[in-house]
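Given next are the chains, with one letter for each unit.
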Amino acid sequence: IENEFNIKVSTIEHLMAALYGLGIDNALIEIDRQEVPILDGSSKEWCEKIAKTGIEDSSVPIKIIKIEKNIEIKENNKFIKILKSNVSLDIDFEIKYPNCLIGNQRNKINVFNDDLTDIFCSRTFCKYDDIEKLKSMGLAKGGNLENAIVVNGKKILNKSGLRNKNEFVNHKILDC
């Protein structure tokens, strides 16, 4: 994201997911770097730290963003569709990777009614073959086996393995 003064902050999705999932719609966040800390590659630690710090209720009305019409963006074989606003927030996400370990996964959640623990705990991931490409693009500078799942062929390189059976698609839901 960027403001009118060209101040940029990147990799906000894990923090934003924690705030949204915990029902926080008003927060002051100070950061001294362009990139939000990745922590363990999920929203788990953000949720824990926010809960430990405490959440205050506010009597100030919130602004609601209402999607007036369906939106669909396609790029090659990827697409995202956002449907017109309704009362609930359902996310139905499917991934299709040629890697047989990641493969095809699909999960559907209701943000307001479902237990989001598996979503919050799902870490970012990459294929081992993509690491050099990511680094050459200036990405994944702080990536390691402590904050990302690395898949090499049919093997997960992280000693701890997966946190849940749908961790790959659940992380994409977290990012969403």
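The paragraphs below set out a description of the structure included in this document.

### A closer look at the environment of aspartate 175
So, step 1. When you line up the elements, aspartate 175 lands in helix α5 (residues 167-175).
So, step 2. Looking at aspartate 175, the relative accessible area reads 29%, which means it is partly exposed.
So, step 3. Taking the C-alpha atoms as reference points, aspartate 175 and isoleucine 12, separated by 163 residues in sequence, lie 9.1 Å from one another.
So, step 4. Ignoring sequence-local partners within four residues, the contact set of aspartate 175 consists of Glu13 and His14.

### Concerning helix α1 (residues 13-21)
So, step 1. All of the buried residues in α1 are His14, Leu15, Ala17, Ala18 and Leu19.
So, step 2. Residues of α1 that are buried in the fold lie against α2 (44-53), α3 (117-120) and α5.
So, step 3. Backbone geometry just after α1 places glycine 23 at a positive phi near 80°.

### Quick notes on the nonpolar core
So, step 1. In this structure, Leu15, Ile50, Ile109, Leu116 and Ile119 are the most contacted members of the largest nonpolar core, which totals 18 residues.
So, step 2. Elements supplying a minimum of two residues to this core: α1, α2, α3 and α5.
So, step 3. Ranked by residues supplied to this core, first place goes to α1 with 4 residues.
So, step 4. Ignoring sequence-local partners within four residues, the contact set of isoleucine 50 consists of Leu15, Ala18, Leu19, Leu22, Ile24 and Ile55.
So, step 5. Among the nonpolar cores identified, the runner-up in size contains 8 residues, and Phe125, Ile149, Ile156 and Val169 belong to it.

Reading guide: rules and limits
Residues numbered from 1 in each chain as written. Predicted model: local features only at pLDDT ≥ 70, side-chain atom pairs only at ≥ 80, totals over all residues. Heavy atoms only, no water. Helix = DSSP H or I, 4+ residues; strand = E, 2+ residues; numbered from the N terminus. Buried < 20%, exposed > 50% of the residue type's maximum accessible area, 1.4 Å probe, protein only. Contact = heavy atoms within 4.5 Å. Core = buried A, V, L, I, M, F, W, Y, C linked by side-chain atoms within 4.5 Å.

Distances and angles like these do not, on their own, reveal function.
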